[in-house]
Amino acid sequence: MTHVTNTNSLDASAKHALKHEKSHCGQITSVRGSIIDVYFGDYLPPIHSELITGANKQIIIEVLAHQDAQHIRGIALTPTQGLARGMTVEDTGAPLKAPVGKGTLSRMFDVFGQPIDHEGELTDIEWRSVHNEPPSLTERSTQSEIFATGIKVIDVLVPLERGGKAGLFGGAGVGKTVLLTEIIHNMVGKQKGVSIFCGIGERCREGEELYREMKDAGVLPNMVMVFGQMNEPPGSRFRIGHVALTMAEYFRDDEHRDVLLLIDNIFRFIQAGSEISGLMGQMPSRLGYQPTMATELASLEERIANTENGAITSIQAVYVPADDFTDPAAVHTFSHLSASIVLSRQRASEGLFPAIDPLQSNSKMATPGIVGERHYRLAQDVRKTLAQYSELKDIIAMLGLEQLAPADRAVVGRARRLERFLTQPFFTTEQFTGLSGKLVSLEDALDGCERILNDEFKDYPESALYMIGAIDEATVKMKSAAGKDKEQSNSKQDEVPSEHAS
């Protein structure tokens, strides 16, 4: 159908609009899954431009490549049902944008910045492109500062860096989400920062549960959640991390606040990139990964940095395929991290929560120049004691503890007490454990480790050090247990238990 317009009767703005309408529209030439090829006449939209098409303009495409002088190849960020060759595609003239501002706090978003929490329209926000450059070297802060979490085992053995990136390696059921939730609670409650949770390839069940837990814990007012769910196209999962980072950069640069960015799971970002690379027809690299993996991961990770204005500190869950730490996805992720926290299923089965393996976990911050001489020496002594205990476990299993030399028995006693002291009740699990959460300062944690290493608690039962905060609570626990024992013995002597039940 031809529409004829008398351009002579139009004013200048209408002529400009008509020219824009003619030149900024194209036609679909092929649809292959999420990959769409579009023909444009004398104009090609720039890379990363957002295109819209479909009966209700509901299908969104991002330009990824210029095929030739008249064709672009794009990836659909939405399902492509209903698309056909010959359909009109409109260029929006802008890249994908994310909402930023105070109005985003306590809300949950998808990759397009649309709220998915049924809490009404957004207010007090502006929209910014998700494609930003990392801060230049001149803008970055060169100071190395410790990021205190209030969790003993992390602060003592695997100190995190303010403005750094920590990887959290763990399977299902070892307390990964609980640990993330606790760090959010401590950051928001004590340091007046902002937390942003980014779910890449998340199951909708996990997202719903986390939202409910955050609401119950009372930390939602200083938190933003964004999700690119598992059932969404690879383009959506690939871009959700950039959306979260754009929000984080606003709070760092405009509001000068510290931001805690939690990403679950960074492997799924690499996986989404691999899917897109295959669909685009690129030749795969080693083990089937995309040839551009290093660049794609760096474009995301390098934006996480601390500047003079504030810091974005990131904790990222990392899935390791088949427990193979030489896998390209794990290797490229390792190169960006300043700390690696490994969760152990064996420690979780023993009830030692948080189930962090102190011998496999490490941090670049654990040097005398950054944490101080005393902290470094104590951390090394704790690791050495736990390593000696690990070597002795086989002998104990075969011959029993009594067959060890007195010095080795002393090491085992110290190590077992250290293991129990490094457990901690969490605020986010109060309703399940019945134990009130503890926030432990670094000084208290170091003091406790030092006193255990000096055999100050060798006469205490191991249970007195389990699930406590500061070390002085062990003494209170002992006195409380002694009082109960005395009360029970008195009741037996009087032979009238009912009178002493109170």
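See above for the structure.
A brief look at the structure comes next. All figures in this text were calculated on a predicted structure; none of them were measured in a lab.

A few words now on the sheet that holds strand β1 (residues 25–32). Spatial strand order, β1-β2-β5-β4-β3-β6: six strands in a closed barrel with antiparallel pairing. Recorded for the sheet is a direction-independent mean angle of 45° between the axes of neighbouring strands. In the sheet, β1 pairs with strand β2 (residues 35–39) via five bridges, with the strands oriented antiparallel. Bridged to Val31 within β2 is Ile36.

What follows is about the nonpolar core. In terms of nonpolar packing, the biggest core is built from 61 residues, with Ile154, Leu179, Met225 and Ile315 touching the most fellow members. Those residues in contact with Leu179 that lie beyond four places of it in its chain are Ile151, Ile154, Leu168, Leu343, Pro354, Ile356 and Phe426. Residues Leu122, Val226, Leu261 and Phe267 belong to the second largest nonpolar core, which totals 53 residues.

A few words now on the pattern of salt bridges. Applying the stated rule across the entire model yields 28 salt bridges. Arg162 is the partner of Glu145 in a salt bridge, and the nearest nitrogen-oxygen pair spans 3.4 Å. With a gap of 17 residues between them, Glu145 in the loop between β9 (126–129) and β10 (146–147) and Arg162 in the loop between β11 (160–161) and β12 (165–169) connect regions that are remote in the sequence. Using a relative accessible area of 31% as the deciding quantity, one classes Glu145 as partly exposed. Of the residues examined, Arg162 reaches a relative accessible area of 18% and is grouped as buried. Linking Arg303 and Glu249 is a salt bridge whose minimum nitrogen-to-oxygen distance equals 2.9 Å.

What follows deals with the environment of Lys438. With respect to the helices, strands and loops of the structure, Lys438 is situated in the loop between α13 (430–433) and α14 (442–453). C-alpha of Lys438 to C-alpha of Ala470: the two residues are 32 residues apart in sequence and 8.5 Å apart in space. Setting aside residues no more than four positions away along its own chain, Lys438 makes contact with Gly150, Gln424, Pro425, Phe427, Ile468, Gly469 and Glu473.

Inspection of the secondary structure assignment puts Ala69 in the loop between β4 (59–66) and β5 (71–76). Classification of Ala69 by relative accessible area gives exposed; the value is 65%. Linking Ala69 and Glu350, residues 281 residues apart in sequence, is a C-alpha distance of 64 Å. Leaving out residues up to four positions away in the same chain, Ala69 has contacts with Gly41 and Leu44.

Next up on the list: the pairing of β4. Taken across its eight residues, β4 has six buried, putting it largely inside the fold. Between the antiparallel neighbours strand β3 (residues 49–53) and β4 lie five residues, among them Gly54 with a positive phi of about 100°. Turn length for the β4-β5 hairpin, with the two strands adjacent in sequence and antiparallel, is four residues.

Here we take up the packing of helix α6 (residues 266–279) against helix α7 (residues 293–301). Remark: α6 packs on α7, axes separated minimally by 10 Å, with the N-to-C direction vectors making an angle of 135°. Classified by the angle their axes make, α6 and α7 are oblique. Relative to α7, α6 is oriented so that their crossing is right-handed. Where α6 abuts α7, its residues Ile266, Phe269, Ile270 and Gly273 lie against Met293, Glu296, Leu297, Leu300 and Glu301. Residue composition of the contact of α6 with α7, grouped by class: six nonpolar, one polar and two charged.

Further remarks concern the packing of aromatic side chains. Evaluation of the coordinates by the stated rule reveals seven aromatic pairs. Ring geometry for Phe40 against Tyr43: centres 6.4 Å apart, planes inclined by 80°, an arrangement best described as edge-to-face. Overall, the relative accessible area of 0% leaves Phe40 in the buried class. Each ring, one from Phe238 and one from Phe269, has its centre 5.0 Å from the other, and the planes form 0°; the classification is stacked. With Phe238 in helix α5 (residues 234–253) and Phe269 in helix α6, this pair connects stretches of sequence that are 31 residues apart.

Given a rise of 1.5 Å per residue, 20 residues ought to cover 28 Å, and the 30 Å separating the end C-alpha atoms of α5 matches this to within 8%. In α5, a bend of some 30° at Ile240 exceeds every other bend along the element. The buried fraction of α5 amounts to 19 of the 20 residues, a majority that puts the element mostly inside the structure.

Definitions and limits used
Residues numbered from 1 in each chain as written. Predicted model: local features only at pLDDT ≥ 70, side-chain atom pairs only at ≥ 80, totals over all residues. Heavy atoms only, no water. Pairing = 2+ DSSP bridges. Helix = DSSP H or I, 4+ residues; strand = E, 2+ residues; numbered from the N terminus. Axes fitted to C-alpha atoms, helices over the stretch in contact; angles between N-to-C directions. Core = buried A, V, L, I, M, F, W, Y, C linked by side-chain atoms within 4.5 Å. Buried < 20%, exposed > 50% of the residue type's maximum accessible area, 1.4 Å probe, protein only. Contact = heavy atoms within 4.5 Å. Salt bridge = Lys/Arg side-chain N within 4 Å of Asp/Glu carboxyl O. Parallel < 35°, antiparallel > 145°, perpendicular 65-115°, else oblique. Left-handed = near helix turned anticlockwise from the far one by under 90°. Nonpolar A, V, L, I, M, F, W, Y, C, P; charged D, E, K, R; others polar. Phe/Tyr/Trp six-rings, centres within 6.5 Å; stacked < 30°, edge-to-face > 60°. Expected span 1.5 Å × (residues − 1). Bend = angle between axes of the 7 residues up to and from the residue.

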